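Listed here are the chains, written in short residue letters.
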Amino acid sequence: MSFVRSLVVGVIAVLSAPFLHAAEVSVDEPWVRGTVAAQKATGAFMRLTAASPLRLVGASSPVAATVEVHEMAMEHNVMKMRPVAGLDLPAGQAVELKPGGYHIMLMGLVAPLAADAQVPITLSFERPDGSRLTQQVDAPVRPLGAAAPAMSHGKHMH
Ligand SMILES: [Cu+2]
């Protein structure tokens, strides 16, 4: 009887595991920098907080042929960006992906990203045991140089 019960509990734990994993990482304030006509690449930014240690190992999006995790780093006194194999997310600690720092690079854009669009991005994470999970994010597009024009135009809108 107790064997059957522990078997049932075990099966329930296995079945519910994917649903628990869906909330393993919270994604806050995702956004993508808007692009102009000939531009083929842009960055996606967000704040990631993992409940338990995870590693961001990749991403994909239908709007871009190639998606990579990038970092900004000084190389011979020049700020450059380069792909990284992964970005560690310590448990309970918010990790910021922002302009000038880590970001998700969308390359080979299939079309310009207009300011009101939503960009679907699938994030891939790896757990310490090597297993993977993915999470879907819808990131709104912010226009290039949004802050300054929005403020200067504000007075004329009403
Ligand atoms: Cu980049």
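Since the structure is predicted, the reported quantities are computational estimates derived from the model, not experimental observations.

1. Focus: the overall build of the protein
Here is step 1 of the chain: Looking only at helices and strands, the protein features 2 helices and 10 strands.
Here is step 2 of the chain: Traced from its N-terminal end to its C-terminal end, the protein shows the element sequence α-β-β-β-β-β-β-β-β-β-β-α.
Here is step 3 of the chain: In the protein, which comprises 158 residues, the proportion classed as buried is 32%.
Here is step 4 of the chain: Long-range pairs, those at least 24 residues apart, make up 66% of the contacts in the protein with a sequence separation of at least 6.
Here is step 5 of the chain: When the accessible area of the protein is evaluated, it comes to approximately 9500 Å², of which 62% is carbon and sulfur surface.

2. With respect to the pattern of salt bridges
Here is step 1 of the chain: Here the structure, examined in full by the defined rule, presents 8 salt bridges.
Here is step 2 of the chain: Linking Glu75 and Lys80 is a salt bridge whose minimum nitrogen-to-oxygen distance equals 4.0 Å.
Here is step 3 of the chain: When the shortest N-O distance is used, the salt bridge between Arg82 and Glu75 registers 3.3 Å.
Here is step 4 of the chain: Classification of Arg82 by relative accessible area gives partly exposed; the value is 34%.
Here is step 5 of the chain: Among the charged side chains, a network of salt bridges with common partners joins Glu71, Glu75, Lys80 and Arg82.

3. A look at the coordination of the copper ion
Here is step 1 of the chain: Ligation of the copper ion by protein atoms is provided by His70 (ND1), Met81 (SD), His103 (NE2) and Met105 (SD), these donors lying 2.1 to 2.3 Å from the ion.
Here is step 2 of the chain: Taken together, the 4 donor atoms coordinating the copper ion span angles of 98 to 115 degrees at the metal, a pattern that classifies the geometry as tetrahedral.
Here is step 3 of the chain: Mapped onto the sequence, the residues coordinating the copper ion show the spacing H-x10-M-x21-H-x1-M. Taken together, the residues His70 in strand β4 (residues 64-75) and Met105 in strand β8 (residues 103-109) connect sequence positions 35 residues apart.
Here is step 4 of the chain: Judged by relative accessible area, which is 8%, Met105 ranks as buried.

Rules behind the numbers
- Residues numbered from 1 in each chain as written.
- Predicted model: local features only at pLDDT ≥ 70, side-chain atom pairs only at ≥ 80, totals over all residues.
- Heavy atoms only, no water.
- Helix = DSSP H or I, 4+ residues; strand = E, 2+ residues; numbered from the N terminus.
- Buried < 20%, exposed > 50% of the residue type's maximum accessible area, 1.4 Å probe, protein only.
- Contact = heavy atoms within 4.5 Å.
- Areas by Shrake-Rupley, 256 points an atom, 1.4 Å probe, with all protein chains shown as cover.
- Salt bridge = Lys/Arg side-chain N within 4 Å of Asp/Glu carboxyl O.
- Donors = N, O, S within 2.8 Å, 3.2 Å for Na, K, Ca; no water.
- Tetrahedral: all angles 85-135°; square planar, octahedral: opposite > 155°, others 65-115°.

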